[in-house]
Amino acid sequence: MSFPTSFFLHLPKAWQEVIRFGVVGVVATGIHYGIYLLLNLWIWTWLAYTIGYGISFCANYLLTNYFTFRTKPTIKNGAGFAVSHIINYTLHILLLELFLWLGISETWAPLPVYCIVIPVNFLILRRFFH
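In this text, all values refer to a predicted model and were calculated from it rather than measured experimentally.

About the cut-offs
- Residues numbered from 1 in each chain as written.
- Predicted model: local features only at pLDDT ≥ 70, side-chain atom pairs only at ≥ 80, totals over all residues.
- Heavy atoms only, no water.
- pLDDT = per-residue confidence, 0-100.
- Helix = DSSP H or I, 4+ residues; strand = E, 2+ residues; numbered from the N terminus.
- Core = buried A, V, L, I, M, F, W, Y, C linked by side-chain atoms within 4.5 Å.
- Buried < 20%, exposed > 50% of the residue type's maximum accessible area, 1.4 Å probe, protein only.
- Contact = heavy atoms within 4.5 Å.
- Polar contact = N/O pair within 3.5 Å; in protein donor to acceptor, adjacent residues only side chain to side chain.
- Expected span 1.5 Å × (residues − 1).

## Remarks on the confidence of the model for the chain
- For the chain, the average pLDDT comes to 84, and 94% of its residues sit at 70 or higher.
- The element-level mean pLDDT for the chain is lowest in helix 1 (residues 3-9), coming to 67, with helix 3 (residues 45-68) highest at 88.

Structure (structure tokens):
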């Protein structure tokens with residue numbers, strides 16, 4: 001085994017999940033943004049964004065099952081995933097508004113939002129996938 005692989009396999013299971021969760025998040029965000037950019041050339045912005053989010057949501061769900069938590073898709077974890085994304089989106093909007101109200105610029109306000117919401121989303125998802 002190579003160094004990164006052997007190091008990764010010796011980490012506690014929870015840390016392995018955190019790392020895989022991060023990888024899936026980057027991939028899902030890339031899918032969403034890429035589809036949005038491509039479709040935005042031909043269709044309304046809101047529709048391009050929505051289609052990109054929907055496709056990313058599906059890919060994210062499958063990757064979260066098979067890669068992050070090593071589970072199979074079920075109605076229970078599918079419902080949990082949907083609920084977590086509703087909570088996640090709501091937290092994003094509320095926290096963004098809070099940080100903007102506190103005077104943080106529009107450029108920087110999303111950064112503390114991500115620092116709060118991403119770990120919360122991981123904990124919520126972990127509940128439904130274990």
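That covers the picture; the talk isn't over yet.
## Some words on the nonpolar core
- By size, the foremost hydrophobic cluster in this structure holds seven residues: Phe21, Tyr61, Phe69, Phe81, Phe122, Leu125 and Phe129.
- The element contributing the most residues to this core is helix 5 (residues 110-129), with three residues.
- Beyond its immediate sequence surroundings of up to four residues, Phe21 is in contact with Thr68, Ile118, Asn121, Phe122 and Leu125.
- If you look at the next biggest cluster of nonpolar residues, it comprises five residues, including Leu95, Phe99, Ala109 and Val117.

## Focus on the environment of Arg70
- On the secondary structure map, Arg70 appears in the loop between helix 3 and helix 4 (75-101).
- Among the residues examined, Arg70 registers a relative accessible area of 55% and is labelled exposed.
- Distance in space between the C-alpha atoms of Arg70 and Glu17 is 9.1 Å, their sequence separation being 53 residues.
- In this structure Arg70 touches Arg20, Thr64 and Asn65, once residues within four positions along its chain are discounted.
- Within the structure, the side chain of Arg70 is placed 3.5 Å from the backbone oxygen of Phe67, a separation counted as a polar contact.

## Describing helix 4
- Along its 27 residues, helix 4 runs 39 Å from first to last C-alpha, staying within 8% of the 39 Å computed at 1.5 Å per residue.
- Among the residues of helix 4, those classed as buried are Asn77, Gly80, Phe81, Ser84, His85, Asn88, Leu95 and Phe99.
- In this fold, the buried residues of helix 4 make contact with helix 3 and helix 5.
- With its phi angle positive at about 100°, Gly103 sits one or two positions after the end of helix 4.

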